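One letter stands for each residue in the lines below.
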Amino acid sequence: MDPEEFRAAGHALIDWIADHRLAADQRPVLAQVEPGEIRAGFPTSPPDTPISFDALTALLEERVVPGLTEVQHPMHFGWFPSNASLASVLGDIASGGLGNLGISWESSPALTEVEEVMCDWMRQLVGLSDRWHGTIHDTASTTCLVALLVARERATGLEQNSGGLQAVDSPLMVYTTAEAHSSVAKAALLAGYGWDNIRTVDIDPQTRAMVPASLEAAMAEDLSAGRIPSAVVASVGTTGTTAFDPVDAIADVVERSTSTPWIHVDAAMAGTAMLLPECRELWHGVERADSITWNPHKWMGTILDCSLFYVRNGTELESVMSTNPSYLQSTADGAVTQYRDWGIPLGRRFRSLKLWFQLELEGIEAIQTRIRRDLDNARWLEGEIESEDGWSVIAPVALQTICVRHVPPGFTSEQLDDHTLRWVRAINDSGAAYLTPARIETPDRLGSWAVRISVGVENTERHHLVALWKLMREAATSSLS
Ligand SMILES: *Cc1c(COP(=O)(O)O)cnc(C)c1O
């Protein structure tokens, strides 16, 4: 394809995307396909001859669109807001179109330096001090792995780097809670800590946040048994209920200890709230952590993938991540940032462009206004649910996630779980809205299933919540009949 053919097809593709977005609320939220159905729409072997761009868009419509779960649909309340701001999509297209290669500063000085600027702008926008230095990764899963690898090396004085898994006799320990995202355990396993050495610290039954005294006791017990506290992963906005581990108190515990575990703050989802000064109390003490991650690619709306990773001490990170082979060395070394030494991949995309485009074209004020709207909407729905007989909100609503149940009188735990799953599945299967059923067990309650409502899609307005609340009451009533 030459640039002129690209120009024509590109215009047509942009039109197609714009039409698709305009009609997002006309399609079912949850893809209405059976497993294997999309795959079966494709020929079993690759094409022999090229087709026209128009023919390809027709195939895109026919074969792919039915298999899309519409996370941009204003009635999508599942998982987390996975916004894909069109301003950032343009930046992503620019990134692809430039086709630059990020393997060193020299291979694209702009790719490195725009990323430095964007990380610094984003740092300021969430109120972090200038002691933090950032980079952009694909996902928070990757950043947690990177953090735990550096933590491992700090705990062993770089011994793992030289002697590998055989180098230490004492187990290295990671502390987190059962509410932490599954990527935390995955990172701990990949970094070689092992299931046995992941400590799930107690949570407060009301707030579902880590109890600092339990962390302190666990670390002390490990130290006296010859185990080495190496990392604490604090969730700032847990996946289940958006609970906030108390970062400042956790830092106090670490400071009092004779060990020096790395504190990683996982704010993947809730980091967006820190764009609002009034929310920053929720991560009070964050300046005392060693690393922080948050995903503009969730609620803020930068198109996937864009996960910011900040460290206070870049030297520690680079000492673990750098290999510096001769073919990548250059005269600029020492004077420039080599992002390959800040993470796992060598080749990196020009991800900062999508952040830059979004900030320039949307403006931070509009983004802040949208986040505040979502917080208001969540509070409104919480109030409606709380004041309705039989309905309850089962965890504090710190931001925009509401965990709810409908409890008919006299139900056993089993009947209640069946009822919860029946009404939520009826809504999801209908395609009218999507909510996430989740196990949220509390010792004082019947049943273990609840329904998570995550507010925050770019186009979700108050009237969509009104419609959702009506759907919920109707579905719960039908489930009983
Ligand atoms: C979404 C989320 C993750 C995982 O994010 P990815 O970028 O998809 O890896 C991790 N932690 C928390 C708290 C999350 O909300």
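Residues numbered from 1 in each chain as written. Predicted model: local features only at pLDDT ≥ 70, side-chain atom pairs only at ≥ 80, totals over all residues. Heavy atoms only, no water.

Asker: How would you summarise helix 12 (residues 352-362) if you had to cite specific residues and measurements?
Answerer: Of the residues making up helix 12, those classed as buried are Ser 352, Leu 353, Lys 354, Leu 355, Gln 358 and Leu 359. Close packing links the buried residues of helix 12 with helix 4 (86-98), helix 5 (109-125), strand 1 (133-137), strand 7 (307-311) and helix 13 (364-386). Of the residues flanking the end of helix 12, it is Gly 363, one or two places downstream, whose phi is positive at about 85°. (Buried < 20%, exposed > 50% of the residue type's maximum accessible area, 1.4 Å probe, protein only. Helix = DSSP H or I, 4+ residues; strand = E, 2+ residues; numbered from the N terminus. Contact = heavy atoms within 4.5 Å.)

Asker: Give me the lowdown on the sheet that holds strand 9 (residues 401-406), citing residues and values where you can.
Answerer: Pairing within the open sheet is antiparallel, and its four strands lie in the order 8-9-11-10. A single partner strand is all that each edge strand has here, and the edge strands are strand 8 (391-393) and strand 10 (436-439). With strand direction ignored, the average angle separating the axes of adjacent strands in the sheet is 40°. The pairing of strand 9 with strand 11 (residues 449-454) spans four bridges and is antiparallel. When the sheet's bridge partners are listed, Val 404 is paired in strand 11 with Val 451. Packed on one face of the sheet, helix 14 (residues 413-430) meets strand 8, strand 9, strand 10 and strand 11 and runs near 35° to strand 11. (Pairing = 2+ DSSP bridges. Axes fitted to C-alpha atoms, helices over the stretch in contact; angles between N-to-C directions.)

Asker: Talk me through the side chain of Glu 70; I want residue IDs and the actual numbers.
Answerer: Mapped onto the fold, Glu 70 is located in the loop between helix 3 (53-64) and helix 4. Residues within four places of Glu 70 in sequence aside, it is in contact with His 20, Ala 24, Arg 27, Pro 28, Val 29 and His 76.

Asker: Describe the nonpolar core, with residues and values.
Answerer: Considering soluble globular proteins, one finds that nonpolar side chains tend to be buried as a cluster. Membership of the largest hydrophobic core comes to 49 residues, with the highest contact counts inside it found for Leu 215, Trp 283, Trp 294 and Tyr 310. Non-local contacts of Tyr 310, meaning those with residues more than four positions away in its chain, are made with Cys 119, Met 122, Arg 123, Leu 128, Trp 132, His 133, Gly 134, Asp 290, Ser 291, Ile 292 and Trp 294. Of all hydrophobic cores here, the second largest spans 28 residues; its members include Val 146, Ile 198, Val 233 and Met 321. (Core = buried A, V, L, I, M, F, W, Y, C linked by side-chain atoms within 4.5 Å.)

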